[in-house]
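In case you want the letters, here they are:
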Amino acid sequence: LKKNIATGLCLAFVLSISFTSFASVIDRVIVVVNDEVVTQREFDRTFLPIQRNFEANFTGEELEEKIETARSAFLEQLINTKLAISLARKKKIKIDERELDAKVETIRSYFETEEDFLKALQTKGTNQSEFEREIREQMLAQKLIEKEVASKIIITPADLQDLYEKNKGKLSTPPKAKVRGIL
C-alpha cells in the first residue's frame, strides 16, 4: 500500500511538472489601470503598424529614438483610454447594443464580403469578438467624454464673435485674382 501511494505521488509530481512545462504564457500584462488591463498582445497589435511605418522611413539611432518616443506616447494613450473606460464603467455608462451593432455594421460595410472583413481582422491580429470589444470600449470612452466634458462646455454666440474678432487676420484670406495671361 505504501509503495502504491509513493508511486502515485511520484506519478502525480511528474505529471504536474510535465503539464507546467508544456503550459505557455498566452499574454503578458503590461499595465493594470484600475480594473482594466493592457496586454502585450493588445499593445503590439495596435502599435506594430506604427512601428513598421517608422521602419520604412527611418534607420539607425533615429529609428530607435522615434520608435521609443512613439511607444511611450502610445502606451500613455492606451492608459488614458483604459482610465476613461474604467471611469465610464464606474459611472455605469452603458452602450446600446443596437448602436454597437450599427457601428460594427458600418465598418463591415467598407468590405465587399464578410470573408474580406474577417480576413482584414485576421491580418490585424484580432477576431470578431475582440474587434467588437474594442469598438464597445471606444464607444464607452466617447460617451464618458460626451457626458463629463462636452456637456459642460458652453460656447455662446458672443464667445464665438469675440474669438472671431481677436483672430480676424488669421481667419480671413487675402483677396486673390486669377490671371489668364500677362501681356
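One numbering rule holds for all chains: residues counted from 1, following each sequence as written. The model is predicted, so local features are restricted to residues of pLDDT at least 70 and side-chain atom pairs to those at 80 or more, both for listing and for counting; the totals for chains, interfaces and linings are taken over all residues. By convention in this description, side-chain values take in all heavy atoms of the structure and omit both hydrogens and water.

1. Examining the nonpolar core
Quick note on the threshold: Nonpolar core, defined: a set of buried Ala, Val, Leu, Ile, Met, Phe, Trp, Tyr and Cys residues in which side-chain atoms within 4.5 Å join the residues together. Exposure is judged per residue with a 1.4 Å probe applied to protein chains only, and the accessible area is read against the type maximum: over 50% gives exposed, under 20% gives buried, and values in between give partly exposed. Counting from the N terminus, the helices are DSSP H or I runs at least four residues long and the strands are E runs at least two residues long. Contact criterion: two residues are considered in contact whenever any of their non-hydrogen atoms come within 4.5 Å of each other.
If you look at the biggest cluster of nonpolar residues, it comprises 15 residues, and the most contacted ones within it are L100, F131, I135 and L140. Contributions of two or more residues to this core are made by α3 (60–90), α4 (97–108), α5 (114–124) and α6 (128–148). Here this core gets six residues from one element, more than from any other, and that element is α6. When neighbours within four sequence positions are excluded, L140 is seen to be in contact with I85, A88, R89, I93 and I95. Of all hydrophobic cores here, the second largest spans 11 residues; its members include V38, F43, F54 and I67.

2. Structural notes on the packing of α3 against α6
Basically, it comes down to this: Helix axes are fitted only over the stretch in contact, all axes being lines through C-alpha atoms; the angle between N-to-C directions runs from 0 to 180 degrees. In this scheme, roughly parallel covers angles under 35 degrees and roughly antiparallel covers those over 145, while 65 to 115 is roughly perpendicular and the rest are oblique. Any residue outside Ala, Val, Leu, Ile, Met, Phe, Trp, Tyr, Cys, Pro, Asp, Glu, Lys and Arg is labelled polar, Gly included; the first ten of those are nonpolar and the last four are charged.
The geometry of α3 relative to α6 is characterised by a closest axis approach of 8 Å and an angle of 75 degrees between their N-to-C directions. When the axes of α3 and α6 are compared, the pair comes out roughly perpendicular. Packed against α3, whose contacting residues are K82, A84, I85, L87, A88 and R89, the element α6 presents R133, E137, L140, A141 and L144 at the interface. Residues of the contact of α3 with α6, tallied by class, amount to seven nonpolar, no polar and four charged.

3. Focus: α3
This is how the line gets drawn: The span expected for a helix works out to 1.5 Å for each residue beyond the first.
Look at α3: 45 Å from first C-alpha to last across 31 residues, which is about the 45 Å you get at 1.5 Å a residue. Within α3, burial applies to L63, I67, A70, F74, L78, K82, A84, I85, S86 and A88. On the buried face of α3, the contacting elements are β1 (29–33), β2 (36–39), α2 (40–57) and α6. Remark: K92 follows α3 within two positions and exhibits a positive phi of approximately 60 degrees.

4. Quick word on the packing of α2 against α3
Applied cut-off: Should the near helix be turned anticlockwise from the far one by less than a right angle, the crossing is termed left-handed; should it be turned clockwise, right-handed.
Across the interface, α2 lies against α3 with an axial gap of 10 Å and an inter-helix angle of 150 degrees. Here α2 is positioned roughly antiparallel relative to α3, judged by the angle of their axes. Where α2 crosses over α3, the two elements pack in a sense that is right-handed. Contact with α2, carried on its side by E42, F43, T46, F47, I50, Q51, F54 and E55, involves L63, K66, I67, A70, R71, F74, L75, L78 and K82 of α3 and no other residues of that element. Its residues assigned to classes, the contact of α2 with α3 shows 10 nonpolar, two polar and five charged.

5. Points about the packing of aromatic side chains
Two aromatic rings, taken as a pair, are described by how far apart their centres are and by the angle between their planes. For clarity, the threshold we go by: Pairing of aromatic rings covers Phe, Tyr and Trp, the last through its six-membered ring, and needs centres within 6.5 Å; plane angles under 30 degrees mean stacked, over 60 mean edge-to-face, and all others mean tilted.
Per the counting criterion, the structure on display carries six aromatic pairs. Aromatic side chains F54 and F58 sit 5.9 Å apart centroid to centroid with 45 degrees between the ring planes, which places their arrangement in the tilted category. Classification of F54 by relative accessible area gives buried; the value is 19%.

6. What to know about the confidence of the model for the chain
Note the threshold: By definition, pLDDT measures how confident the predictor is in each residue, and it falls between 0 and 100.
Taken residue by residue, the chain gives an average pLDDT of 82. The fraction at 70 or more is 86%. Here helix α1 (residues 2–22) stands out as the least confident element of the chain, with mean pLDDT 48; α4 is the most confident, with 94.

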